[in-house]
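Survey of secondary and tertiary structure
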Amino acid sequence: MQRNWIGRSEGAWVNFHAEYPQPEPCRGAACCAHPAPIRIFTTRPDTLWGATFMVLAPEHPLVDALTTPELAQAVADYRFQASRQSEIERLAVNKDKTGVFIGAYAINPVNGARVPIWIADYVMMAYGTGAIMGVPAHDERDFAFALKYALPILPVIQRTDGLAKSYVYPAAVRPGLPQALAAAGLAFEQQNGHTFVTLQGLDQVNAYIDIVRAHLLPGYWVSIVGAAFAFLFDDGIMHLDSAESDAAILARCQTLLRDHGLTHSSALRARTAMELLWTVQFYHDALFHADYGEMINSGAFTGTPGDAAGTPAQAEYSQPAKKKVTDWLAERGIGGREVTYKLRDWLISRQRYWGAPIPMIYCNKCGIVPVPEADLPVLLPDDAQFMPTGESPLIYHEGFRNTTCPVCGGPARRETDTMDTFMCSSWYHYAYISPYYKGSVPWDPAAGAYWLPVDQYTGGIEHATMHLLYTRFFTKVLRDLGLVPFDEPMVRLFNQGIILGEDNEKMSKSRGNVVNPDDYVSTLGADSVRAFLMFIGPWEEGGSWSSTGIEGIYRFINRVWNTALEAPEQAAAAPTEEEIADLLRITHKTITRVTDDFERFQFNTALAALMEFSNALIKAKDTAVYGSAAWQEAIRTMVLMMAPIMPHVAEELWERLGGEYSVHTQAWPAYNAELAADRVLTLVVQINGKVRGRVELPADVDEETAKAAAMENPNVLRHLEQQQVVKVLYVPGRLVNIVVRGGGSG
RNA sequence: GCCGAAGUGGCGGAAUGGCAUACGCGGUGGUCUCAAAAACCACUGAGGGCAACUUCUUGUGGGUUCGACUCCCACCUUCGGCACCA
């Protein structure tokens with residue numbers, strides 16, 4: 001997610017020189033903005049030959065200088081509209097592309113083509129250079145824009161799927177076309193005499209061209225799109241490979257339409273060859289693609305392969321065409337490699353009240369002056385007036401705004417923009433180490449060495465991109481400054497899930513499924529609520545609330561209470577050694593399980609282990625072990641392990657059992673592997689992976705004995721009849737798997 | 001569209017490549033009670049069988065393996081986040 005947020009894009013910058021509308025005598029670089037080239041960023045330099053227009057963001061600084069006087073008003077109107085649109089946060093999701101021509105032209109540096117310059121709000125000033133080249137044949141947005149505003153669309157990259165399509169008008173050909181297509185093995189469909197052909201690869205395209213030319217009637221044409229863009233006429237083929245051919249094709253087709261008296265055809269309204277093709281619904285998915293294919297119609301670069309098969313996707317400039325063109329641009333000084341990031345620095349300068357003030361002062365005499373360290377921190381005023389102006393209330397707070405210049409003592413004003421709250425939350429964990437530390441560095445280095453980096457971060461997934469991304473950046477800066485010796489602020493991250501309502505939906509007032517924990521705290525106790533939240537499911541996944549589920553936890557707590565405090569009715573005899581060993585075994589097995597689960601944040605299974613332990617204790621209570629030293633250890637261990645989950649009940653039980661205050665400061669129970677070890681184990685016996693029996697054996701059984709015992713199991717023997725044993729596998733402590741092959745009777 | 005997480009009984013869920021369904025909820029039967037609730041005990045994936053036992057089952061389809069909920073490939077569905085990013 002963070003990778004996506006940072007949005008690293010590898011591409012190229014390219015300079016386009018503009019023809020300015022009013023060529024004034026220019027006195028050189030220091031004179032004016034006019035000679036500045038328009039710099040664009042693209043991830044597809046290999047499509048440069050297909051750039052048929054340019055688009056600048058409406059706020060682009062060169063717009064004013066480039067706009068012709070006749071279009072100045074239209075441009076100003078559009079810019080005003082665009083600026084209002086960003087205010088309503090671009091509500092429309094897939095809105096129509098809009099834009100206006102500003103009257104100026106730029107020169108495509110690779111082929112000298114003169115391309116119009118537009119402004120459009122689909123280009124954003126904040127990303128890249130705020131200017132793009134429009135390559136409509138290979139960029140979805142540019143395609144939509146060009147189609148709408150009749151800009152030429154020229155394919156310069158071959159499709160990688162080889163798809164080509166052709167539509168044939170019924171009257172355009174003489175009879176026999178379907179038969180000829182079928183004979184050549186070409187795929188097509190017919191509807192009411194209209195023929196829809198789908199081709200694969202250039203060989204099929206060429207075969208198809210021959211067939212069509214043999215059947216085409218004078219005065220008609222047939223088009224092919226996709227792997228090839230060609231228009232077949234009775235006297236030849238025209239390829240859509242330049243702005244000139246675009247115009248020529250369009251003119252010829254429309255003349256033919258008029259000759260046939262089709263004055264109402266939508267094709268007559270088409271302003272480009274591509275728009276003419278767009279009138280055929282069947283063509284829509286073949287007119288545009290963004291593949292890394294071989295370069296076509298690209299001068300000397302035509303034929304350069306696009307994708308390099310077998311190259312790891314992470315490799316820089318792994319597409320040969322992209323690399324070759326970029327290097328060529330760099331050699332000629334008109335472009336070069338560039339990496340761009342989506343992530344914007346919007347932590348500083350926000351026009352709102354909440355956030356740390358930026359400690360800067362504007363003085364008419366001294367310029368921008370930092371607030372002296374002794375006067376830090378600059379605090380927000382308590383009495384700011386919030387008014388519906390859309391601006392920060394700090395602007396209108398005279399007491400805050402007006403100050404004196406720390407350099408000259410004259411009247412000055414404070415910066416009224418603030419920093420985003422992420423600015424503070426990105427490093428508070430460093431500040432918290434020693435909040436009142438006074439020294440030349442931000443925190444006590446000794447305390448930092450002890451506490452940092454943070455061992456465990458717990459938070460919601462909603463912080464995965466913003467907060468966690470910024471805090472990582474802060475830490476990398478602190479590292480570069482030599483303040484911390486590590487790279488990442490937190491050693492381990494854990495996102496807790498969301499607890500849903502009883503109906504498996506997110507809790508919300510409108511759904512009426514909000515659970516108020518206080519209701520349950522007052523009846524079942526805070527420990528029940530806390531424990532149930534931990535028991536619902538994996539901590540990172542959250543889960544659904546259940547009003548009956550929490551009663552199960554309440555019952556569990558009661559059972560433990562009764563087990564620990566109430567004596568059984570019958571007086572106990574002396575326990576056997578085996579009974580004691582059994583109790584100690586389950587005690588120590590539970591210690592490992594619960595300890596491991598806590599370390600992995602698997603609270604639900606830790607609780608399940610405690611429940612199993614409790615069930616075992618309830619059974620043991622009716623035996624002679626009750627009251628023995630092992631029993632005391634088991635009960636105390638139970639209470640100690642409950643403490644993090646049910647702190648109040650655990651404290652109360654601990655005291656009643658004679659423990660020293662507090663249970664929460666006791667050492668965690670120690671695990672003894674010897675006591676936890678099984679004396680007897682149950683081996684599963686499988687035949688070809690299917691369980692056919694179980695054998696109980698001493699824990700220290702050797703492989704041969706185990707295999708032999710497995711083979712003697714009655715049910716196993718039954719399944720071995722008529723079978724040939726191929727192999728016997730032994731997994732110590734777990735199972736024996738007998739691999740057999742069907743024999744005899746079969 | 002892109003990124004991320006997840007699909008297992010009636011429900012929430014458990015399982016270092018080795019007994020699928022632990023634990024809890026719900027359900028059924030029982031004990032206690034005049035009765036009910038609570039508590040306690042037993043059973044509880046589906047099909048077949050009197051039973052021993054057996055077949056099927058972890059979203060779908062393939063693969064690796066003696067053995068796959070778990071690993072690999074393709075797909076489907078759900079949820080969360082981002083989205084005109086050139």
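Residues numbered from 1 in each chain as written. Chains lettered and ligands numbered in written order. Predicted model: local features only at pLDDT ≥ 70, side-chain atom pairs only at ≥ 80, totals over all residues. Heavy atoms only, no water.

**So, the overall build of chain A**
- Across its full length, chain A holds 24 helices and 25 strands.
- Relative to a compact globule of 746 residues, whose C-alpha radius of gyration would be 27 Å, chain A shows 39 Å and is clearly more extended.
- Taken along the three principal axes of its C-alpha coordinates, chain A extends 115 × 105 × 55 Å.
- Expressed as a percentage of the 746 residues in chain A, the buried residues total 43%.
- Once local pairs closer than 6 in sequence are excluded, the contacts in chain A between residues at least 24 apart make up 64%.
- When the accessible surface of chain A is split by element, carbon and sulfur atoms take 53% of a total near 39,900 Å². (Helix = DSSP H or I, 4+ residues; strand = E, 2+ residues; numbered from the N terminus. Rg over C-alpha atoms; globule rule 2.2 N^0.38 Å. Buried < 20%, exposed > 50% of the residue type's maximum accessible area, 1.4 Å probe, protein only. Contact = heavy atoms within 4.5 Å. Areas by Shrake-Rupley, 256 points an atom, 1.4 Å probe, with all protein chains shown as cover.)

**A few points about the packing of helix α17 (residues 549–565) against helix α21 (residues 647–656)**
- Packing of α17 against α21 brings their axes to within 11 Å, and their N-to-C directions diverge by 5 degrees. The pairing of α17 with α21 is recorded here as roughly parallel in orientation. Here Ile557, Val560, Trp561, Ala564 and Leu565 of α17 lie close against α21, whose contacting residues are Val649, Glu652, Leu653 and Arg656.
- When grouped by side-chain class, the residues that make up the contact of α17 with α21 number 7 nonpolar, no polar and 2 charged. (Axes fitted to C-alpha atoms, helices over the stretch in contact; angles between N-to-C directions. Parallel < 35°, antiparallel > 145°, perpendicular 65-115°, else oblique. Nonpolar A, V, L, I, M, F, W, Y, C, P; charged D, E, K, R; others polar.)

**Topic: α21**
- Among the residues of α21, Pro647, Val649, Ala650, Glu651, Leu653 and Trp654 are the ones counted as buried.
- After α21 finishes, the residue Gly658 shows a positive phi value of roughly 90 degrees.

**Comments concerning the packing of helix α18 (residues 577–599) against helix α19 (residues 603–621)**
- In contact at an axis separation of 8 Å, α18 and α19 are set at 170 degrees when each is read in the N-to-C sense. Here α19 runs roughly antiparallel to α18, going by the angle between their axes. Relative to α19, the crossing made by α18 is left-handed. Where α18 abuts α19, its residues Leu583, Ile586, Thr587, Thr590, Arg593, Val594, Asp597 and Phe598 lie against Phe603, Thr605, Ala606, Ala609, Leu610, Glu612, Phe613, Ala616, Leu617 and Ala620.
- Residue classes in the contact of α18 with α19 are distributed as 12 nonpolar, 3 polar and 3 charged. (Left-handed = near helix turned anticlockwise from the far one by under 90°.)

**Focus on the side chain of Ser245**
- Along the chain, the position of Ser245 falls in helix α7 (residues 243–259).
- Note on Ser245: relative accessible area 12%, which makes it buried.
- A polar contact of 3.1 Å, which involves the side chain of Ser245, links it to the backbone nitrogen of Asp241.
- If we ignore the near neighbours within four places in the chain, the residues touching Ser245 are His239 and Leu240. (Polar contact = N/O pair within 3.5 Å; in protein donor to acceptor, adjacent residues only side chain to side chain.)

**Here we look at the sheet that holds strand β12 (residues 236–239)**
- Strands sit in the order β8-β9-β7-β10-β11-β12 across an open sheet of 6 strands; the sheet is antiparallel. The sheet terminates laterally at β8 (187–191) and β12, the two strands that pair on one side only. Shown here is a sheet whose adjacent strand axes are inclined to one another by a mean of 20 degrees, direction ignored.
- Alignment of strand β11 (residues 230–233) against β12, held across 4 bridges, turns out to be antiparallel. (Pairing = 2+ DSSP bridges.)

**Some thoughts on the pattern of salt bridges**
- Under the criterion given, the structure shown has 22 salt bridges.
- A salt bridge links Arg8 to Glu10, with the shortest nitrogen-to-oxygen separation between them at 3.5 Å.
- Overall, Glu10 belongs to the buried group, its relative accessible area being 14%.
- The network of salt bridges with shared partners includes Asp234, Asp235 and Arg252. (Salt bridge = Lys/Arg side-chain N within 4 Å of Asp/Glu carboxyl O.)

**Examining the sheet that holds strand β15 (residues 367–370)**
- Sheet architecture is open: 4 strands sit in the order β15-β14-β17-β16, paired in antiparallel fashion. The sheet is open, and its two edges are formed by β15 and β16 (402–404), each paired on a single side. Direction aside, neighbouring strands of the sheet carry axes that sit 40 degrees apart on average.
- The sheet contact formed by strand β14 (residues 360–363) and strand β17 (residues 411–414) spans 3 bridges and is antiparallel. Within the sheet, the bridge partner assigned to Ile361 lies in β17 and is Arg414.

**Comments concerning the packing of aromatic side chains**
- Per the counting criterion, the structure on display carries 31 aromatic pairs.
- Centre to centre, the rings of Trp49 and Phe301 are 5.1 Å apart; their planes meet at 45 degrees, and the pair counts as tilted. Separated by 252 residues along the polypeptide, Trp49 in the loop between β2 (38–42) and β3 (53–56) and Phe301 in the loop between α8 (273–278) and α9 (320–332) bring together distant segments of the chain. For the pair Trp49 and Phe301, one class covers both residues: buried.
- Taken together, Phe53, Phe101, Tyr105, Trp118, Tyr122, Phe145 and Tyr149 form an aromatic cluster joined through their ring pairs.
- Over the face of the ring belonging to Tyr292 we find Arg44, whose NZ or CZ atom lies 3.9 Å from the ring centre.
- Positioned above the aromatic ring of Tyr105, the side-chain terminus of Arg114 is 3.9 Å from the ring centre. (Phe/Tyr/Trp six-rings, centres within 6.5 Å; stacked < 30°, edge-to-face > 60°. Lys NZ or Arg CZ within 6 Å of the ring centre and 35° of its normal.)

**A word on the protein's contact with RNA strand B**
- In the region of RNA strand B, 47 residues are neighbours, and Ser9, Thr43, Lys97, Arg141 and Asn737 sit closest.
- Side-chain polar atom of Thr548 to a sugar or linking oxygen of RNA strand B: 2.8 Å apart, as the coordinates give it.
- The contact in question runs from a sugar or linking oxygen of RNA strand B to an N or O atom on the side chain of Glu612, over 3.0 Å.
- For the surface near RNA strand B, the per-class residue count stands at 19 nonpolar, 13 polar and 15 charged. (Near = heavy atom within 4 Å.)

**Thoughts on the domain arrangement of chain A**
- Partitioning chain A into structural domains gives domain 1 (2–149), domain 2 (163–286), domain 3 (360–414), domain 4 (422–495), domain 5 (557–676) and domain 6 (680–742).
- The distance between the C-alpha centroids of domain 4 and domain 6 comes to 56 Å. (Domains from an automatic or database assignment.)

**Some remarks on the pairing of strand β22 (residues 680–687)**
- Bridge count for β22 against strand β23 (residues 690–698) is 8 bridges, and the pairing is antiparallel. Note that in β23 the partner of Leu683 across the bridge is Val695.
- If you look at the hairpin formed by β22 and β23, you'll find 2 residues sitting between the two strands, and Asn688 has a positive phi there, around 50 degrees.

**Thoughts on helix α20 (residues 629–642)**
- A rise of 1.5 Å per residue sets the reference length of α20, with its 14 residues, at 20 Å; its end C-alpha atoms lie 20 Å apart and thus fit the reference within 8%.
- A large share of α20 lies buried, amounting to 10 of its 14 residues.
- Listed in full, the buried residues belonging to α20 are Ala630, Trp631, Ala634, Ile635, Thr637, Met638, Val639, Leu640, Met641 and Met642.
- Among the structural elements, α17, α18, α19 and α21 are those in contact with the buried residues of α20. (Expected span 1.5 Å × (residues − 1).)

**Observations concerning the nonpolar core**
- Core analysis: the biggest nonpolar cluster contains 77 residues, and Ile38, Leu48, Leu66, Ile117 and Met274 have the highest contact counts within it.
- Viewed by domain, this core spans two of them, domain 1 (2–149) and domain 2 (163–286), each represented by three or more residues.
- Not counting residues within four places of it along the chain, the set of residues in contact with Ile38 comprises Val14, Asn15, Phe16, Ala18, Met54, Leu56, Leu62, Leu66, Ile117 and Ala131.
- Grouped together as the second largest cluster of nonpolar side chains are 48 residues, Ala531, Ile550, Leu583 and Val594 included. (Core = buried A, V, L, I, M, F, W, Y, C linked by side-chain atoms within 4.5 Å.)

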